[in-house]
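Report on the structure
Listed below are the residues making up each chain.
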Amino acid sequence: LLRDTTMSVYDFGLGTVPFPSLVDPPYLAFYVLMALALSRVPLAPATKSQRTRIGLDLATAILGGGMAIWYLVLAPTVTEGGRSALQMATSIAYPVGDVVLLASLGIVVLRWSPPTLRRPLGFIVAGLSMFIVADLAYGYALLHGTYTAGGPIDTLWIGALALFAFAATQQREARPGTRETSIPLRAPTERKVSWLPFG
């Protein structure tokens, strides 16, 4: 809300948005706050092999997604040149934030969650996916000078925020401390991890 309000003041008052500006700190804070919030999702008991498997799945997702982010946005931003150190740092912070969101998304998808949280988390996963796609499309469009305000990219961001808001309304239905939201105490079954698919 703070970021969008500041952006509106720039748009209607100045006509142009300087870069970096007061818009950037609250926007970049979103990545950190979302990652911290998702790290609070309950975890079920897990064996060592299950934790290893989750870690390998997560590393695979981050590596693959990170390579796409590097190719589409990060590498062209770094090699473009003609920017001050602060502009370069701010430009790089956004795609790095997307990698953080991608890791958070992987954690939510791979970790166990109570039944009452699965519905709101589903909306958060969908919203995060849209947000990452919008960020990458925006970065790519900026690099090629094709971004236009009010276009499909903005629609993706609005859709992502709507899904986050809807997830919050679904979360109210979950009652903490109930049997459904509690983590089962039954010990998980130990299974051996096959390293071949990850290799």
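Residues numbered from 1 in each chain as written. Predicted model: local features only at pLDDT ≥ 70, side-chain atom pairs only at ≥ 80, totals over all residues. Heavy atoms only, no water.

1. Quick word on the overall build of the protein chain
A tally of regular secondary structure across the protein chain gives six helices and zero strands. The helix and strand sequence of the protein chain, counted from the amino end, reads α-α-α-α-α-α. Looking at the protein chain as a whole, 33% of its 199 residues are labelled buried. Taking the intrachain contacts of the protein chain between residues at least 6 apart in sequence as the baseline, contacts between residues at least 24 apart amount to 76%. For the protein chain, the accessible area works out to roughly 12300 Å², and carbon and sulfur atoms hold 68% of it. (Helix = DSSP H or I, 4+ residues; strand = E, 2+ residues; numbered from the N terminus. Buried < 20%, exposed > 50% of the residue type's maximum accessible area, 1.4 Å probe, protein only. Contact = heavy atoms within 4.5 Å. Areas by Shrake-Rupley, 256 points an atom, 1.4 Å probe, with all protein chains shown as cover.)

2. A look at the packing of aromatic side chains
All told, the structure shown has 12 aromatic pairs when counted by the stated rule. Ring centres of Y31 and Y94 lie 6.4 Å apart, and the angle between their planes is 80 degrees; this geometry places the pair in the edge-to-face category. Of this pair, Y31 sits in helix α2 (residues 24-38) while Y94 sits in helix α4 (residues 85-110), and the two are 63 residues apart along the sequence. In this structure, Y31 and Y94 share a single accessibility class: buried. For the ring pair F131 and F164, a centre distance of 6.5 Å and an interplane angle of 40 degrees mean the geometry is tilted. Of this pair, F131 sits in helix α5 (residues 115-144) while F164 is found in helix α6 (residues 152-171), placing the two residues 33 residues apart along the sequence. Across the pair, exposure class does not vary: F131 and F164 are buried alike. Chaining the aromatic ring pairs together yields one cluster made of Y27, F30, Y31, Y94, F131, Y138, W157 and F164. (Phe/Tyr/Trp six-rings, centres within 6.5 Å; stacked < 30°, edge-to-face > 60°.)

3. Concerning the nonpolar core
Judged by nonpolar contacts, the single largest core of 27 residues is most densely connected at L101, L128, F131 and F164. Going through the elements one at a time, α2, α3 (48-80), α4, α5 and α6 are the ones with two or more residues in this core. The greatest single-element share of this core, amounting to nine residues, is contributed by α5. If we ignore the near neighbours within four places in the chain, the residues touching F131 are Y27, F30, Y31, L101, W157, A160 and F164. (Core = buried A, V, L, I, M, F, W, Y, C linked by side-chain atoms within 4.5 Å.)

4. Points about the side chain of T90
The residue T90 is located in helix α4 in this model. Given a relative accessible area of 8%, T90 falls into the buried group. The residues contacting T90, other than those within four sequence positions of it, are F19, P20 and D24.

5. Structural notes on the environment of R118
As for its position among the elements, R118 is in helix α5. Placed 52 residues apart in sequence, R118 and Q170 show a C-alpha to C-alpha distance of 9.8 Å.

6. Thoughts on the confidence of the model for the protein chain
Considering every residue of the protein chain, the mean pLDDT works out to 78; 74% of them sit at 70 or more. Per-element averaging of pLDDT across the protein chain places helix α1 (residues 2-14) at the bottom with 67 and α6 at the top with 89. The low-confidence segment residues 178-187 (pLDDT under 50) makes 15 contacts with residues lying over four places distant or belonging to another chain. (pLDDT = per-residue confidence, 0-100.)

7. Describing the packing of α3 against α5
Where α3 contacts α5, the two axes come as close as 10 Å, and the packing angle between them is 40 degrees. Our classification of the angle between α3 and α5 gives oblique. Crossing angle aside, the handedness with which α3 passes α5 is left-handed. Seen from α3, the contacting residues are I69, L72, V73, P76, T77 and E80; seen from α5, they are L136, G139, Y140 and L143. In terms of residue class, the contact of α3 with α5 is built from seven nonpolar, two polar and one charged. (Axes fitted to C-alpha atoms, helices over the stretch in contact; angles between N-to-C directions. Parallel < 35°, antiparallel > 145°, perpendicular 65-115°, else oblique. Left-handed = near helix turned anticlockwise from the far one by under 90°. Nonpolar A, V, L, I, M, F, W, Y, C, P; charged D, E, K, R; others polar.)

8. Notes on a nonpolar patch on the surface
Together, W70, Y71, L72, V78 and Y140 give the surface a local cluster of nonpolar side chains, amounting to about 550 Å² of exposed area. Locating W70 in the fold gives a position in helix α3. (Patch = residues over 30% accessible without salt bridge, like charges linked within 9 Å, V, L, I, M, F, W, Y side chains within 5 Å. Salt bridge = Lys/Arg side-chain N within 4 Å of Asp/Glu carboxyl O.)

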